[in-house]
There are 2 protein chains.
Amino acid sequence: MIQPGVLYGISLGVGDPELITLKGLRLLQQASVVAFPAGMRDKPGMAEQIVSPWLRTEQQKLPLRFPYVREESILIRAWKEAVARVWQYLKKGQDVAFVSIGDTSFYSTFTYLAQTLLQLHPQAVVQTVPGVCSPMAAAAVLGVPLTVGSQRLAILPALYCVKELEAVLEWADVAVLMKVSFVYQQVWQFLSQRQLLEASWVVERATLPNQTIYRDLRARPDLKLSYFSLLIVQCPPCQ
Amino acid sequence: MIQPGVLYGISLGVGDPELITLKGLRLLQQASVVAFPAGMRDKPGMAEQIVSPWLRTEQQKLPLRFPYVREESILIRAWKEAVARVWQYLKKGQDVAFVSIGDTSFYSTFTYLAQTLLQLHPQAVVQTVPGVCSPMAAAAVLGVPLTVGSQRLAILPALYCVKELEAVLEWADVAVLMKVSFVYQQVWQFLSQRQLLEASWVVERATLPNQTIYRDLRARPDLKLSYFSLLIVQCPPCQ
């Protein structure tokens, strides 16, 4: 029996292709197959764009469909289909490198692929290569620390109500709101009431050529932001 | 007048030298001076050990002393002394790469160096290269996602009382306790009462050759852990 290949989950960082780690690049380039989430409307997705400078022409490219829906039955079917396509190669002993933006353990599609693979094929081998997640990249391009000393950090993948932010800021010294574009105006109102707008930053498309940074949000109640935007807010010491 | 050199803050990742990014390595190798926190008792510190495979012999090594104390006056004096040593090179137009473990924006000594430099020499130029922080590295070596879907993440740099953990778990779905070695036994008691030990992991020295992983902490009430240990706890859905 052939030893199955390894499914690598390789973190690409958030945009700048140079933010891949040496380990990620080495394992990526050794794999015979490189998988990534397929883009929408036949345009290459973000992961495919970031990884493209590093691919060798003989590597097989494998776009996998992950629909942008919440309905679980549709998602599970998509994950199973993706696993079937990946397993075709793994079962022959070929390694597959799945690349994802940000860090592969941090709100990543890779989790669903890997977990479904291990359910359907318990003999499969999965290995994850960590990378640069968006809060770290945003802090770096802002030139401000994300956290120092004894600061407690809260990361919210998306905000469903502003009340939640209130609860988090009771406790956290620094909060990161991912995908802030959907709720920006309500968040702005809340931060304004708390006089936290001066200590807030928005970073859009960190490290990409069209990166935009907004410092001090007092004059920006209605920013129109793209999907890859996050907000960092630093709370002043409570004592 | 000579244009001052750039102070780069370069993230090394948590242990495995291959976890540096391509960008970090490029800027590191271009700098004429490589600075890092001096080790204790003349032994090389962690950052120096991680970076050593990447240094060219002609690069100037600059160990900087950052005392492990809480007294602010002593710390401020040390930061100013470190800045004076770095500025010697920067003012002549030479770049200095300061390397730090983990990510340079995440509880890093680099913050104090960069902020003190900019206070004393406002004309200085600082650039940060993000990297792999310890929560991402720990999740990767565990082979579990750190966060998925709508999970809210809390990161505590250190825990001063277990009450604080209680407040966090009211709100967070996943919590990372850094430097858990100091409070492990109390944390264990708390997690035991909440029946969260099965959903908790400890990672010691992630990605280093002597890395140790503890899964399911039920039988481990009194682990003796080293400084570079963290605990991840996943709370079951509340609804």
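Since the model is a prediction, treat every value here as computed from it, not as a measurement.

Cut-offs applied
Residues numbered from 1 in each chain as written. Chains lettered and ligands numbered in written order. Predicted model: local features only at pLDDT ≥ 70, side-chain atom pairs only at ≥ 80, totals over all residues. Heavy atoms only, no water. Helix = DSSP H or I, 4+ residues; strand = E, 2+ residues; numbered from the N terminus. Rg over C-alpha atoms; globule rule 2.2 N^0.38 Å. Buried < 20%, exposed > 50% of the residue type's maximum accessible area, 1.4 Å probe, protein only. Areas by Shrake-Rupley, 256 points an atom, 1.4 Å probe, with all protein chains shown as cover. Lys, Arg positive; Asp, Glu negative; His and termini not counted. Charge placed at Lys NZ, Arg CZ, Asp CG, Glu CD. Pairing = 2+ DSSP bridges. Axes fitted to C-alpha atoms, helices over the stretch in contact; angles between N-to-C directions. Contact = heavy atoms within 4.5 Å. Buried area = accessible area lost by both parts, 1.4 Å probe. Salt bridge = Lys/Arg side-chain N within 4 Å of Asp/Glu carboxyl O. 1 Å grid on protein atoms, 1.4 Å probe; cavity = no way out; pocket = protein on both sides within 12 Å on 5 of 7 lines; lining within 4 Å. Points joined across faces, edges and corners; volume = space filled by probe spheres on them. Nonpolar A, V, L, I, M, F, W, Y, C, P; charged D, E, K, R; others polar. Least-squares fit on C-alpha atoms with pLDDT ≥ 70 in both. Disulfide = S-S within 2.5 Å. Domains from an automatic or database assignment. Arc of directions from axis to C-beta. Core = buried A, V, L, I, M, F, W, Y, C linked by side-chain atoms within 4.5 Å.

S.K.: Can you walk me through the overall build of chain A in this structure?
M.R.: Each helix and strand counted, chain A has 7 helices and 10 strands in total. Relative to its length of 239 residues, chain A is compact, with a C-alpha radius of gyration of 20 Å against a globular reference of 18 Å. Structurally, chain A occupies a C-alpha span of about 65 × 40 × 35 Å along its principal axes. Within chain A, the fraction of its 239 residues that count as buried is 57%. Working note: accessible area of chain A is about 11000 Å², and carbon and sulfur atoms make up 51% of it. Mean positive and mean negative side-chain charge positions of chain A (22 and 18 charges, respectively) differ by 5 Å.

S.K.: Would you take a moment to explain the sheet that holds strand S4 (residues 96–100) of chain A for this structure?
M.R.: Adjacent strands of a sheet form backbone hydrogen bonds with each other and so pair up, either parallel or antiparallel. Residues and elements named next belong to chain A. Pairing in this open sheet of 5 strands is parallel, and the strands run S3-S2-S4-S1-S5 from one edge to the other. In this open sheet, the two strands that pair with only one neighbour each are strand S3 (60–64) and strand S5 (125–129). Across the sheet, the mean angle separating the axes of adjacent strands is 25 degrees when strand polarity is ignored. Where strand S1 (residues 6–11) and S5 come together, 5 bridges link them in parallel fashion. Considered in S5, the bridge of Tyr8 is made with Gln127. Sheet strands touched by helix H1 (residues 22–30): S1, strand S2 (33–37), S4 and S5. Its angle to S5, the strand with the most contacts, is close to 140 degrees.

S.K.: Help me out: how do you make sense of the pairing of strand S1 (residues 6–11) of chain B in this one?
M.R.: Two faces make up the sheet, and in a regular strand the side chains alternate between them. With respect to burial, S1(B) is a largely interior element, 6 of its 6 residues being buried. Every second residue of S1(B) is oriented toward a common face, with B:Val6, B:Tyr8 and B:Ile10 on one face and B:Leu7, B:Gly9 and B:Ser11 on the other, all of them buried.

S.K.: Explanation requested: the interface of chain A and chain B in the structure shown.
M.R.: The figure often quoted for interface size is the accessible area lost as the parts come together. Each partner contributes residues to the interface: chain A has 46 residues there, and chain B has 46 residues. Summing the contributions of chain A and of chain B, the shared interface buries around 3800 Å²; its carbon and sulfur component is 65%. Joining chain A to chain B, the criterion identifies 6 salt bridges. Residues A:Asp16 and B:Lys23 are paired through a salt bridge, measuring 3.9 Å at the closest nitrogen-oxygen approach.

S.K.: How do you make sense of the layout of surface pockets when you look at a structure like this?
M.R.: Space left empty within the atom packing is revealed by a probe, the size of a water molecule, rolled over the atoms. Residue and element names in this part refer to chain A. Reported here for the second largest pocket is a volume of approximately 1900 Å³. Lining the second largest pocket are 47 residues, with Tyr68, Tyr107, Thr109, Lys179 and Tyr227 sitting closest to its centre. Among the elements of the structure, helix H2 (46–51), helix H3 (72–90), helix H4 (109–120), helix H5 (134–142) and strand S10 (229–234) are those that each provide at least two residues to the lining of the second largest pocket. Of the residues that constitute the lining of the second largest pocket, the class distribution is 29 nonpolar, 11 polar and 7 charged.

S.K.: Help me out: how do you make sense of the relation of the copies chain A and chain B in this one?
M.R.: Copy one and copy two of the chain differ by a rotation about an axis and a translation along that axis. After a rotation of 180 degrees and a shift along the axis of 0.0 Å, chain A superposes on chain B with an RMSD of 0.0 Å. What the rotation and shift describe, once combined, is the action of a two-fold rotation axis. Residues of chain A ranked by C-alpha distance from the rotation axis are headed by A:Thr21, positioned 2.0 Å from it.

S.K.: Where do I start with the pattern of salt bridges in this structure?
M.R.: Here the idea is simple: oppositely charged side chains can pair when their charged atoms come close. Considering all chains together, one arrives at 20 salt bridges over all chains under this definition. Ionic pairing is found between A:Glu164 and B:Arg152, a salt bridge with its closest N-O pair at 3.4 Å. Taken together, the residues span two chains, with A:Glu164 in helix H6 (residues 162–171) and B:Arg152 in the loop between helix H5 (134–142) and strand S6 (153–156). Taking the relative accessible area as the measure of exposure, B:Arg152 reaches 22% and is therefore partly exposed. Between B:Arg218 and B:Glu198 there is a salt bridge whose closest N-O contact spans 3.4 Å. A residue pair is termed long-range when its members are at least 10 positions apart, and B:Arg218 in the loop between strand S9 (212–215) and strand S10 (229–234) and B:Glu198 in the loop between helix H7 (184–193) and strand S8 (200–204) qualify at 20 residues. If you follow the salt bridges from partner to partner, you end up with A:Arg152, A:Asp173 and B:Glu164 in one network.

S.K.: What is the right way to look at the environment of A:Ala35 in this model?
M.R.: Residue and element names in this part refer to chain A. Locating Ala35 in the fold gives a position in strand S2. Sequence separation between Ala35 and Ala199 is 164 residues, and the spatial gap between their C-alpha atoms is 40 Å. Ala35 has contacts with Leu62, Leu64, Val96, Ala97, Phe98 and Val99, leaving out every residue within four places of it along the chain.

S.K.: Could you clarify how one ought to interpret the state of the cysteines in this entry?
M.R.: Among covalent bonds in proteins, the disulfide is the one between the sulfur atoms of two cysteines. Counted under the stated rule, the structure contains 0 disulfides over all chains. Here A:Cys133 stays unpaired: no disulfide links it, and the sulfur of B:Cys133, its closest cysteine neighbor, is 4.5 Å away.

S.K.: I'm lost on the domain arrangement of chain A in this one. Help?
M.R.: Residue and element names in this part refer to chain A. Domains assigned within chain A are domain 1 (6–129) and domain 2 (134–234). On a C-alpha basis, the centres of domain 1 and domain 2 stand 29 Å from each other. If you look at the interface, domain 1 gives 9 residues, while domain 2 gives 11 residues. When the area that domain 1 buries against domain 2 is broken down by residue, the three leading residues are Val14, Phe106 and Tyr107, summing to 53%. At the junction of domain 1 with domain 2, the criterion picks out 0 salt bridges.

S.K.: So what exactly am I meant to see when it comes to H7(B) here?
M.R.: A turn of α-helix holds 3.6 residues, and therefore any two residues three or four places apart point the same way. Every buried residue of H7(B) is accounted for by B:Tyr184, B:Val187, B:Trp188, B:Phe190 and B:Leu191. Taken end-on, H7(B) shows its buried residues confined to a sector of 165 degrees, consistent with a single buried face.

S.K.: Mind showing me how you'd approach the nonpolar core here?
M.R.: Among the nonpolar cores identified, the biggest contains 89 residues, and A:Leu28 and B:Leu28 are the most heavily contacted of them. If near-sequence neighbours (up to four positions away) are discounted, A:Leu28 is found in contact with A:Ile10, A:Ile20, A:Val34, A:Val51, A:Trp54, A:Leu55, A:Gln59, A:Ala97 and A:Val99. Residues A:Val168, A:Leu225, B:Phe190 and B:Leu191 belong to the second largest nonpolar core, which totals 54 residues.

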